[in-house]
Amino acid sequence: MPWAVNDRGRDAPSEELIERIRRQFPTEREVDDNLTRKMRRRAGPAFTGAGFNAMSGYVTALLRDHIDGRFTISEQRWLSGGASKIQMAFTLDWSEPGVGPSRTRLVARMEPAESLNSTSRRRECELLSAFRGIVPVPRVYWVDPDGTWFPEPALIYEFAPGITKPRAMVGKVAGIGTNFGPELRERLKPQFVEHLARIHAYDVGRSPFEAFDRPSVGTTQSALWQLNRARRIWEEDRGEDVPLLEVAANWLERNLPRLDRVSVVHGDYRSGNFLFDEDTARITAILDWERGYLGDRHRDLAWTTAEQYGHWHEDGRTFLASGIAPVNELLERYEAASGLRVDPAALRYYRLFNCYQIVVTALGSSYRVVHLGKTHQDILIAWVEAAAYGAMEELRDEMERTV
Amino acid sequence: MADRNEAALGAAIKALEQAVQPAVDRGDPLAGEQLRLVVGYLRLMSSRLVHLEERARFEFEHYRELALALHDAALSQGGEVADRFDLALAQARESMRPGDVRAATAALAGAVSGLARAAVHATPEQRRTIEHAIAKRSRRWIDAQRAWFAPLGFELRPDQIPSLADALDISRVRA
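Each chain has its residues counted from 1, running along the sequence as written. A letter from A marks each chain and a number from 1 marks each ligand, given out in the order of writing. Only residues with pLDDT of 70 or above have their local features reported here, since the model is predicted, and side-chain atom pairs are shown and tallied only from 80 upward, although totals for entire chains, interfaces and linings are computed over all residues. Computation of side-chain values: all heavy atoms of the structure, hydrogens and water removed.

Mind laying out the overall build of chain A, listing which residues take part and the relevant values?
The numbering of helices and of strands both runs from the N terminus, where a helix is a DSSP run of H or I of at least 4 residues and a strand a run of E of at least 2. Each helix and strand in chain A was counted, giving 13 helices and 12 strands. Here the C-alpha radius of gyration of chain A, 21 Å, is about what a compact globule of 403 residues would show, namely 22 Å. Referenced to the eigenvectors of the C-alpha coordinate spread, the extents of chain A come out at roughly 65 × 55 × 40 Å. A burial count over chain A gives 64% of its 403 residues as buried. Across chain A, every contact between residues at least 6 apart in sequence was considered, and the portion connecting residues at least 24 apart equals 73%. For chain A, the exposed area adds up to about 14,900 Å²; of that, 49% sits on carbon and sulfur atoms. Atoms considered for the radius of gyration are the C-alpha atoms alone. The globule rule reads 2.2 Å times the number of residues to the power 0.38. When a residue's accessible area, from a 1.4 Å probe over protein chains only, is under 20% of the maximum for its type it is buried; when over 50% it is exposed; and in between it is partly exposed. Should any heavy atoms of two residues lie within 4.5 Å, those residues are considered in contact. Accessible surface area values rest on a Shrake-Rupley calculation with a 1.4 Å probe, where residue burial reflects the displayed protein chains alone.

Any details on unusual backbone geometry? Residues and values, ideally.
Residue and element names in this part refer to chain A. Backbone geometry at alanine 281 places phi at a positive 60 degrees, although glycine is not the residue there. If you trace the backbone, alanine 281 turns up in the loop between strand S7 (274-277) and strand S8 (282-286). For alanine 281, a relative accessible area of 1% puts it in the buried group. Of note in this structure, aspartate 288 is not a glycine but carries a positive phi near 55 degrees. Position of aspartate 288 among the secondary structure elements: in the loop between S8 and strand S9 (293-295). Note on aspartate 288: relative accessible area 17%, which makes it buried.

Give a description of the pattern of salt bridges that names residues and reports values.
Residues and elements named next belong to chain A. Here, a salt bridge means any Lys or Arg side-chain nitrogen found within 4 Å of an Asp or Glu carboxyl oxygen. Tallied over the full model, the rule gives 62 salt bridges over all chains. Measuring nitrogen to oxygen at the nearest pair gives 2.8 Å for the salt bridge that ties arginine 121 to glutamate 124. With arginine 121 and glutamate 124 both in helix H5 (residues 121-130) and three residues apart, the pair spans about one turn of that helix. Glutamate 398 is the partner of arginine 401 in a salt bridge, and the nearest nitrogen-oxygen pair spans 3.5 Å. Placement of the pair is arginine 401 and glutamate 398 together in helix H13 (residues 388-402), with a separation of three residues, close to one helical turn. Residue classification places arginine 401 among the exposed positions, given a relative accessible area of 58%. Beyond isolated ion pairs, a larger network of salt bridges with shared partners links Glu15, Glu19, Arg22, Asp32, Lys38, Arg40, Arg42, Glu114, Arg232, Glu236 and Asp237.

Quick rundown of H5(A)? Include the residues and the values.
Residues and elements named next belong to chain A. Judged by how many residues are buried, H5 sits mostly within the fold: eight of 10 residues are covered. Listing the buried residues of H5 in full gives Arg121, Arg123, Glu124, Cys125, Glu126, Leu127, Leu128 and Ala130. Polar contacts here mean pairs of N or O atoms no more than 3.5 Å apart (in protein, one a potential hydrogen donor and the other a potential acceptor; neighbouring residues in sequence count only if both atoms are side-chain atoms). The backbone nitrogen of arginine 122 lies 3.2 Å from a side-chain oxygen of the residue at the head of H5, namely serine 120.

Got a sec to walk through the interface of chain B and chain A? Specific residues and values, please.
Each partner contributes residues to the interface: chain B has 44 residues there, and chain A has 46 residues. Counting each side, the surface lost to burial between chain B and chain A is near 4,400 Å², with a carbon and sulfur contribution of 65%. Here the quantity called buried area is the total loss of accessible area, with a 1.4 Å probe, experienced by two parts when brought into contact, counted for both. Three residues stand out in chain B for area buried against chain A, namely Arg117(B), Phe154(B) and Leu156(B), and they jointly supply 19% of the buried area on that side. Here chain B is connected to chain A by five salt bridges. Close ionic contact of Arg139(B) with Glu393(A) constitutes a salt bridge, the shortest N to O distance being 3.8 Å. Of all the secondary-structure elements, those providing two or more residues to the side of chain B that touches chain A are helix H2 (29-48), helix H5 (79-93), helix H6 (98-118) and helix H7 (124-149) of chain B. Tallying contributions element by element places H7(B) first for the side of chain B that touches chain A, with 14 residues. Each residue is assigned to one class: nonpolar for Ala, Val, Leu, Ile, Met, Phe, Trp, Tyr, Cys and Pro, charged for Asp, Glu, Lys and Arg, and polar for all the others, Gly among them. Among the residues forming the side of chain B that touches chain A, the class breakdown is 22 nonpolar, eight polar and 14 charged.

Tell me about the domain arrangement of chain B, and please be specific about residues and values.
Residue and element names in this part refer to chain B. Where each domain begins and ends follows an automated or database-derived domain assignment. Here the domain parsing of chain B yields domain 1 (5-50) and domain 2 (51-173). Relative placement of domain 1 and domain 2: their C-alpha centres are 34 Å apart. With eight residues of domain 1 at the interface, the matching set in domain 2 holds nine residues. The contact between domain 1 and domain 2 buries some 720 Å² in all, and 64% of this surface belongs to carbon and sulfur atoms. It is Leu44, Arg48 and Val50 that lose the most area in domain 1 upon contact with domain 2, and together they represent 70% of the buried surface on that side. Counting across the interface, domain 1 meets domain 2 through zero salt bridges. Our count for the domain 1 to domain 2 interface comes out at six residue pairs in polar contact (both at pLDDT 80 or more). Its residues placed into classes, the side of domain 1 that touches domain 2 shows five nonpolar, two polar and one charged.

Shown next, in the form of structure tokens:
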């Protein structure tokens, strides 16, 4: 029951509480590991800043164990844009195996003490590796999945050129609601849809995907894992009870859709999470695969077309999903490009599930992370609360008409 | 009595914009972004400071009315659900100091959430009554949160959000 744990209990969770919540909401093994790790470390200190010297030290320690011969790192700088990970760009001078003396621009991407979403660097590495040559992704060089060299799990990958928003535009939080403008939008549109189609049409049997569980086709297992993951996070993170969230969770559990095909789900496919070259309008990298899993493609489709990530067309009447295309046009193009059907019932379910997920993150996780001062950009995460209530109203409106 | 908090917040914004911002390294996007976000949040708080107490009172009244509307449903569930309801409503009836309002609000929200969670074991008719009442009556509370945070610019349809005074029902709260 909601009163079984209070705010202080969540700030410093006991092993008994962690286990009780795990049993209550079973989910995928890698997700379970990440969330359990989060809870076991929660009572630890607040994040006090990662300076260039410290980050460079972690990078150097990892490289020393992975590179034969001399190397140097230089030109460190912080990257902004994301809402959850610490990212430092740097240049590595080294002798790359099979290549010879090289000067490689790289990004070290590390979890803060507790992230807005506690996700897996192991999964991110596997997905980026699987999709190299299929969609534009940065090449992964090294991964530290358990925080052996870094204080937290981290990944080092190639620095991808490009920008997330037109240079003339003032950035919005985490790229939400990016307006590419009419001309750029038209040129990005076919690529944006084509890349999503390729991700979903990918044969998951081609890669080992060792950090993933594969749900069974014809069952509700995939949807239940995702619902349990979100419910578990709400149970672990929230700072207040919201009765509507309980109503929504009840409805989502009563209406779990069956899986018709196992796809790679990117998990956060939207404006702000891809890079492009403004001159050529070419998408140069699909980023932020950390929420990826094997499951129902409709989850991505509902996310990409969610109100939270789009804006109005210049006509003031047409909603542009992810700032790219009207929803119907985007879905029609997707069906044509992927050969996969869009099921309106599954899309509706995942639209509501995503609203639930957004509230869990924006209201629950953001509160806990900011309250405990766990990241390098708590102020950005404090802003994120404001994104919860539009999604909550969408959820509420559907619940009032449906239950 | 003069409100020095609001004036001090204005001073903090001025200092950040006029003294700190010019000194921030343009090559450090993380610092630039965080400065902009700090100023934005301080502006929000400056505009909301005067309404903090009204917001707390509004949330308390919202959950108290919701709990009263669902009291019979909670009693029919019996056990811990009913006990929590009675406790929360009893706490809400007591004359409260400002600091107690938040605790009473949290107790009411927890009791109603517990009822919603228990509804999965109720009869379909009872479940529907509970879930529908919560969904329908949550509108005002969500409107108030959206109005509160509207200046941060996340809303796709800002014209559909009531003013903060209407959303918090300020005339009623002050009466």
